[in-house]
Amino acid sequence: MSFTKEMVDEGVMKVPEWWLCPPGLEEFRKKAHQVGRDVLLIHSMTVDEQKMFPKESLKAMAEAGFGALPLPKEYGGLGAGYKGFAVAAETFAQYCASATMVWVMHTVAVQAMFTIGTEEQRNRFIPGVLKGDIGALAFSEPATGSHFWNVVSEAPKLDGGYLLDAHKSWVTSGGEADWYIVCTNYPDPTPDKGDTLMFVIVPKDAEGIESFPFSAMGLRGNSSGPMKFNHIFIPTENRLGTEGGMNQYNDQIIDPLFLLGTSGCWIGVAQGALNEAIEGAKMKVHKDTGKSVSGYQVIRHEIAKAQIIIDSARSMLFRVAEAMDKAISEGKTLDECLYTLWQLKTYAADIVIQVTNMALQISGGRGYLTGRIEKFVRDGRAGALMGPTNEILREWIGKSLIGVPWFETWDYRQAK
Ligand SMILES: Cc1cc2nc3c(=O)[nH]c(=O)nc-3n(C[C@H](O)[C@H](O)[C@H](O)COP(=O)(O)OP(=O)(O)OC[C@H]3O[C@@H](n4cnc5c(N)ncnc54)[C@H](O)[C@@H]3O)c2cc1C
């Protein structure tokens, strides 16, 4: 929303900058808007109509430095922290949800690689990321559905590496990414490793990879289809972390970043839809009453209600992101922010459904026609379904509030 000096002079209330952006990130946000307006917006309808992977948009994001956003500056990142990640996700999603979601998953994969990886692995993969390589997360499996932290696939040990066999149900950037972090099991972990979960890095050209098409209601440019990793030899140097014992990283990196980034994305989708609806309501004039749609009080009330809902979610987003930056600066891990992230993601994924529908109603029949408003409604619907789903998150929140453990450990060998 932008207000000119004249409008202010005419008594139009100005929305304070600090309400829209955490102090210190104003220029950063402007840059994200510029990439969004100049590139993501231009490609977004074609990406959706043709189910096209948003290569041009991702290239522009990487060229503007957003490809490795949370990494420290000495590794080529923007050093913008998690507040920067939240701001960028929220901004980009106002223009193209498909490109934003691919970028969010990529950012989580890059951060996981950076945090868990060895110096050698960082040096092998991060320079490519700075030039536009895309990373992806292959976690969810058909056998365990929404419980993506419990997988049944495994990669037993061979001489010099492991043999991976895994069927994955959804992989954003499937068949398009340059490398995948695949979550699997190591069948024989030493007892002190705690759990069997193991992460391996699979480059796109590994023999035995199969990816399948993605056709969905929204996020149609995401290429989030199933994948098969058939009998793939994984050299030891491509194991990310330990042989088993990787469950803690779901809580410390993968989930916190994913929950923050996707929340930003859903809030941005809601804002994008409302912005579009406001523009439309101002433009459409009824000849008989001489009023624009925005001239009706009931419509203005709907606009106000929608913006208040978005801003309440955005306030949560910035507050949680700030807590994450603080935790890291104090040498703590991000699992201490998990509870607040569950609330944030549940809320963001709920309100995007509510607000995109309000935007559609404000837009009338025009909103129902194939176009940007209708696309925002479809894109935003994915939020509540994406793991951890809103049902699961509400259960974890509820359990925490009544003071019982939220997580049950499970050994995949029980399913054999
Ligand atoms: C667009 C998109 C992109 C995705 N990208 C990726 C990706 O890049 N990588 C990846 O690993 N995964 C990805 N996923 C998968 C995602 O994280 C979920 O695992 C997936 O959406 C769950 O779908 P399902 O059909 O298996 O659900 P099901 O498990 O069949 O769930 C069906 C319903 O049951 C509910 N339910 C399930 N378990 C419980 C429970 N314990 N308690 C209460 N309710 C429950 C669910 O909330 C849901 O309403 C993606 C999903 C989508 C939609």
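Just so we're clear, the structure is a prediction, and the values are computed from it rather than from any experiment.

## Some thoughts on the domain arrangement of the protein
Here is step 1 of the chain: With domains assigned, the protein is organised as domain 1 (5-134), domain 2 (138-240) and domain 3 (247-405).
Here is step 2 of the chain: If you average the C-alpha positions of domain 2 and of domain 3, the two centres end up 29 Å apart.
Here is step 3 of the chain: Tallying the contact residues gives twelve residues for domain 2 and 16 residues for domain 3.
Here is step 4 of the chain: Across the domain 2 to domain 3 interface the summed buried area is about 1200 Å²; carbon plus sulfur atoms make up 72%.
Here is step 5 of the chain: On the surface where domain 2 and domain 3 come into contact, there are zero salt bridges.
Here is step 6 of the chain: Seen at the junction of domain 2 and domain 3, the total is three residue pairs in polar contact (both at pLDDT 80 or more).
Here is step 7 of the chain: Here the side of domain 2 that touches domain 3 is composed, by residue class, of seven nonpolar, three polar and two charged.

## Quick word on the sheet that holds strand β1 (residues 135-138)
Here is step 1 of the chain: Spatially, four strands are ordered β1-β4-β5-β8 in an open sheet, and the strand pairing comes out mixed. The sheet terminates laterally at β1 and β8 (239-240), the two strands that pair on one side only.
Here is step 2 of the chain: Bridge count for β1 against strand β4 (residues 179-185) is four bridges, and the pairing is parallel. Note that in β4 the partner of A138 across the bridge is V182.

## Considerations on the nonpolar core
Here is step 1 of the chain: By size, the foremost hydrophobic cluster in this structure holds 132 residues, and its most contacted members are F66, W103, L164, F229, L260 and W266.
Here is step 2 of the chain: A total of 16 residues in this core trace back to one element, the largest contributor, which is helix α8 (residues 247-283).
Here is step 3 of the chain: When residues no more than four places from it in sequence are discounted, the contact partners of W103 are L58, M61, F66, L69, F85, A88, A89 and F92.

Rules used in this analysis
- Residues numbered from 1 in each chain as written.
- Predicted model: local features only at pLDDT ≥ 70, side-chain atom pairs only at ≥ 80, totals over all residues.
- Heavy atoms only, no water.
- Domains from an automatic or database assignment.
- Contact = heavy atoms within 4.5 Å.
- Buried area = accessible area lost by both parts, 1.4 Å probe.
- Salt bridge = Lys/Arg side-chain N within 4 Å of Asp/Glu carboxyl O.
- Polar contact = N/O pair within 3.5 Å; in protein donor to acceptor, adjacent residues only side chain to side chain.
- Nonpolar A, V, L, I, M, F, W, Y, C, P; charged D, E, K, R; others polar.
- Pairing = 2+ DSSP bridges.
- Helix = DSSP H or I, 4+ residues; strand = E, 2+ residues; numbered from the N terminus.
- Core = buried A, V, L, I, M, F, W, Y, C linked by side-chain atoms within 4.5 Å.
- Buried < 20%, exposed > 50% of the residue type's maximum accessible area, 1.4 Å probe, protein only.

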